[in-house]
Structure formats: C-alpha cells, structure tokens
Amino acid sequence: MNGSQSKSPMNESVLAYGPGSAERAALQAELRRQQSARLDIPLVIGGRSVTTAHTVPVVCPHAHHHVLAQASQADGGHAQQAIEAARRAAPDWAERSLEERAAVFLKAADLLAGPWRQRLNAATMLGQAKTAQQAEIDSACELIDFLRFNVAFAHQIAGHQPQSSPGVANSTDYRALEGFVYAVTPFNFTAIGGNLATAPALMGNTVVWKPATTASLSNYLFMQLLEEAGLPPGVINFVPGEPVAVSEAVLGSEHLAGVHFTGSTAVFDGLWQQVAARLPGYRAYPRLVGETGGKDFVLAHVSADVEALAVALLRGAYEYQGQKCSAASRAYVPRSLWPALRTRLADLMDTIRMGDVCDFGNFMSAVIDARAYARVAGALGRARDDGAVRIVAGGQADDATGFYIRPALVEVEDPRHALMTTELFGPVLTVYVYDDARWNETLALVDGTSGYGLTGAVFARDRAAIGQARRALRQAAGNFYINDKPTGAVVGQQPFGGARRSGTNDKAGSAWNLLRWTSPRTIKETHVPPTQYAYPHMAE
C-alpha cells in the first residue's frame, strides 16, 4: 500500500517464513549479520548522535553471553537537552499540515514493509528473544499498521468540523499540545515503542522518548528508519537511560504536556504521583495516557470445546514466554472438563520446543533478563513448597546459557491465591477448578478477584452463557474475547487497552488515542458583523 491509499489502509499481511520461502532466507541472513556485529547505540537529541561515558550491554536473553550492542545511557542533563531540542523543533513541526507530517510516517511504513522489515525483525528476535512469528507480528506488521492506520484516524479527526449558520464560518483547529510529550516504552513490543513515540508526533507534538534498555536495539533502528523517512531533527528525541534520572528531569519541566506510557502499574502510579505533586508548576495540565498491568483471565463454561480451549490457553499463556500484558495467566475451568483439559494441555506442553530464536523450530525462547528470571523462578519455587498448589506440568528453570523457564501449568485450591492475583509476566498459567453448578458464582469471582481490567476470554458453545458472561464481565476487561485467546489485538480491528488498574483505556490503534494528543481550538468567523448594539425587542 502506498501513501495515496493512506485514508483506507489494510492490515499488513503476516509473512509465514516457511521452509524455502524468500522471507525466511532474508531473515536468516539478517540474523547472521546482526549476530556478527556489535553496535554502539547513541542517544539521538535534536538529530545529533550523542554517546555517553556510561553504557550498558544489550545481550541476547536466550544467550546472555552474547553482547549485541553497547547502549549509551542518558542522565538528567541529557534529558534536559532533549527537552530543549523538542521545544526548538515544536513551532515548525506544529505548523506543518497534517499531510506533511503524515507523509513522514507513511514513508516509514513503506520502508518497514520493504527494505527495513528484516532489520527490525532480526533486532527484535535477538534483543528481545522473540521467535520469527512473534517478531513478524510485532516489529513488522503491527508497527506498519500503527503508522498507516494512525494517519487514517488523524484524517478522520480533522474531518470532524462544526456546523456553520448563514453568515458565519465555524471550524475546529486540532492543535498540538503546548509543550512536549514524554514517551516511556516497554521491552516486550517493538511496535508499542514506535507507536508511543510517533502517535503524538503525527498530531503535531514533539517527543522525548525513553525506551526500555532491553529493547534499545530494535527501538534505535526504528529511530534510524524515521530519520530516513524524513523526520525533522528534534521532533522525536531518543534518550535511553536511567529511568529515575531521566524522569526526574522530564517531569520537572514546566513544558511537560503529556505522558504516553506502557509498563508496570507501579511505575505509572509513580509517574502520575510525581506529575500531581508538580501541577501548579506546569503551563497546562499534562495529559496522562497509560497502559499498565494485567491478570488476564480465560473462563470456560461447561459447554466449551476442550480442544479449542487447550490451544487457546497454550498460545495465550505461553507465546513470547507469557511476556504480554494481555497474556492468559488465570483460568477458570468446570470440574467436568478439567481432567480432559489437563491431560490435553500437559501433552501439548510436552511437545513445545524452546531455545535460540535462530532455530525456527522453537515455539518459545527465554524471558527478557535476570530480574524477570528471578521473579518467575522464585514464584514457581514458592509454589512447589505450597501444599495448596499443584504444578501439573513444566516450570523448570535454568539460566546457565539463557534465561529459560519452561511453561508452567499450575492448579490452586484457593481462587484468591497470589498466583491468581499477582502479575508474574512470565510463562505461568494458574487454573482454578470450579463446580459445574457454580457458574453464576464463578462469574462474580472472575470479576472481583483482580484489580486489573485489561483482557479476558470466555469459552462456551451455549449462547445464553456467552451473553451472561458478556454482561457480568463488562468491566473486567477492556478487550473481551469469545472463543479465542485473550491476546493478539489487531490495529484497526480490536483497539487495545483496559481500565481499572490496567490503565487509562485510551485504545491504542484507534482515533481515541490520537485525540489525547490534540488541544482543539474553535474558530468562528462572522462575515458581516453587526454595526449597532441594540436588539429588536428594545424598540418602542
């Protein structure tokens, strides 16, 4: 799709990477090239590459001895430089037409769909331990979709104009926010990093972008892609660095106009509290947009198809090592279905291959780093010592060469056990088995157990049960799935986001998110102004 078709985009097709395919050969060649190189990742401030004395290694999670890059780390001073660069770039960028700004991102989408596709995919695989399938969905297709669909959504927003009465011309000017936007992005999706930085920029804002260090390789390559697409210096400033120091400088600026965040609930709470404490010092109230944690559920009715349920649970819980905010991590299964489901799931789990992402036969790889490994392995260790917990299958951990944790299937007796309420962000699925007759009570249990409200799914062939679940769980998930896994939202098809403690639900992949990055101005022009102040009713 070229730029002229931007107002009616189609989702980018997912390539299959089957044996003998051209895309498989191209990706394997790029993986070999990136494995043999070691990149120095700079900051990018005002269009200039800035290297710092403090660097951190970017390693392969599945082979943590292999250093892919050294990433320069920003401090508070560098963050201040990025703010100043964003402010210098702001007037010209905000004055450009939507068509001019959109042209940059449409070109970026075409570059990513073409010559940059395998560069981003390989970097995401090696730096973030994604399989070819997971990388293709993320760093190619979803990121391309964000770039193209956001342009279409921006045009839809610009098309919303007020009515005008005779002699009057009314219009709405969709201004950028006054100041800069702080984009704080996670490790687990290259596409999220790209979207959080580019969505505000498309709407005329300038951005200070702090990526996760563990995703800095793919995110830096995307920054380079944007520069090749014609992004002017200073519109997006790339500042990987120490989170506290960078955030302290950014949140302390009177010119902070917004925060675009994806990450943990605790970190977003902290950012929100810091902003609240500084409110009188800002020129305007900052917009806070965040997608945070989840403890996502799958609820099975007695009428559910066991085979479909087993596959959905396996994919929903274990793809990308469970490191998706939407991953299935708690399941509710009727007692009559549990024996067959337990056996089928355990059998399927035995067939899962995990290891180096360069081996295309692997379904899973390693968790992202040592901290994640310790968190998940520690939880599984405590579960083994807990008499109220049964590890049905998997859960072995080994970090000798990579941060590997076998997918774990766990059964609990207490539906409010910590494993049913605490987000682990790893390949652990916890199951609570309920009595078939307690469907109504289980609906209330699912809704009331977790403070999160991100994704959830119900499996049933009984339409009455599906309708009941839709109503009872209306607030439990911002993205609700019927007979499907609770992961895999597609831009333009399932706008993504949740409420409760899962974020502000501003729906990435829709016009609703873009609206947060505008400050509309209403303009009224009167063609023939009155020349007398008196009204007709005043006449004698």
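Provided above is the structure to which this section pertains.
Residues numbered from 1 in each chain as written. Predicted model: local features only at pLDDT ≥ 70, side-chain atom pairs only at ≥ 80, totals over all residues. Heavy atoms only, no water.

Colleague: Could you clarify how one ought to interpret the sheet that holds strand β21 (residues 479-482) in this entry?
Modeller: Pairing between the strands of a sheet is mediated by backbone hydrogen bonds and can be parallel or antiparallel. The sheet built from seven strands is open, its strands ordered β14-β17-β18-β13-β12-β20-β21 with mixed pairing. In this open sheet, the two strands that pair with only one neighbour each are β14 (389-394) and β21. When the angles between neighbouring strand axes are averaged without regard to direction, this sheet yields 20°. By the bridge criterion, five bridges tie β14 to strand β17 (residues 408-412) in an arrangement that is antiparallel. Looking across to β17, one finds that arginine 390 is bridged to glutamate 411. On the sheet, helix α10 (residues 306-318) packs against β12 (296-300), β13 (328-334), β17, β18 (428-434) and β20 (455-459) and is oriented at approximately 140° with respect to β18. Sitting on the sheet, helix α11 (residues 338-350) touches β13, β14, β17 and β18, and the angle it makes with β17 is about 155°. (Pairing = 2+ DSSP bridges. Helix = DSSP H or I, 4+ residues; strand = E, 2+ residues; numbered from the N terminus. Axes fitted to C-alpha atoms, helices over the stretch in contact; angles between N-to-C directions. Contact = heavy atoms within 4.5 Å.)

Colleague: Would you explain the packing of helix α4 (residues 117-128) against helix α7 (residues 216-228) in this entry?
Modeller: Axis angle and axis distance: for two packed helices, these are the angle between their axes and the distance between the axes, and together they describe the pair. Relative orientation of the contacting elements α4 and α7 amounts to 160°, with a least axis distance of 8 Å. With respect to their mutual orientation, α4 and α7 come out roughly antiparallel. Crossing handedness for the pair α4 and α7: right-handed. On α7, the residues touching Arg119, Leu120, Ala123, Thr124 and Gln128 of α4 are Leu217, Ser218, Leu221, Phe222 and Leu225. (Parallel < 35°, antiparallel > 145°, perpendicular 65-115°, else oblique. Left-handed = near helix turned anticlockwise from the far one by under 90°.)

Colleague: Explain the pairing of strand β8 (residues 206-210) here, please?
Modeller: Every other side chain in a regular strand lies on the same face of the sheet, so the side chains alternate between the two faces. The buried fraction of β8 is high, at five of five residues. Residues Thr206, Val208 and Lys210 of β8 are buried on one face, and the alternating residues Val207 and Trp209, pointing to the opposite face, are buried as well. In terms of strand pairing, strand β7 (residues 180-184) meets β8 through five bridges, oriented parallel. Its bridge partner lying in β8, alanine 183 is registered against tryptophan 209. (Buried < 20%, exposed > 50% of the residue type's maximum accessible area, 1.4 Å probe, protein only.)

Colleague: Quick question: what am I supposed to make of the sheet that holds strand β1 (residues 39-41) here?
Modeller: One open sheet accounts for three strands, arranged β1-β5-β4; its pairing is mixed. Every other strand in the sheet has two partners, leaving β1 and β4 (55-60) as the edge strands with one partner each. When the angles between neighbouring strand axes are averaged without regard to direction, this sheet yields 40°. Pairing of β4 with strand β5 (residues 63-72), which is carried by six bridges, proceeds in the antiparallel orientation.

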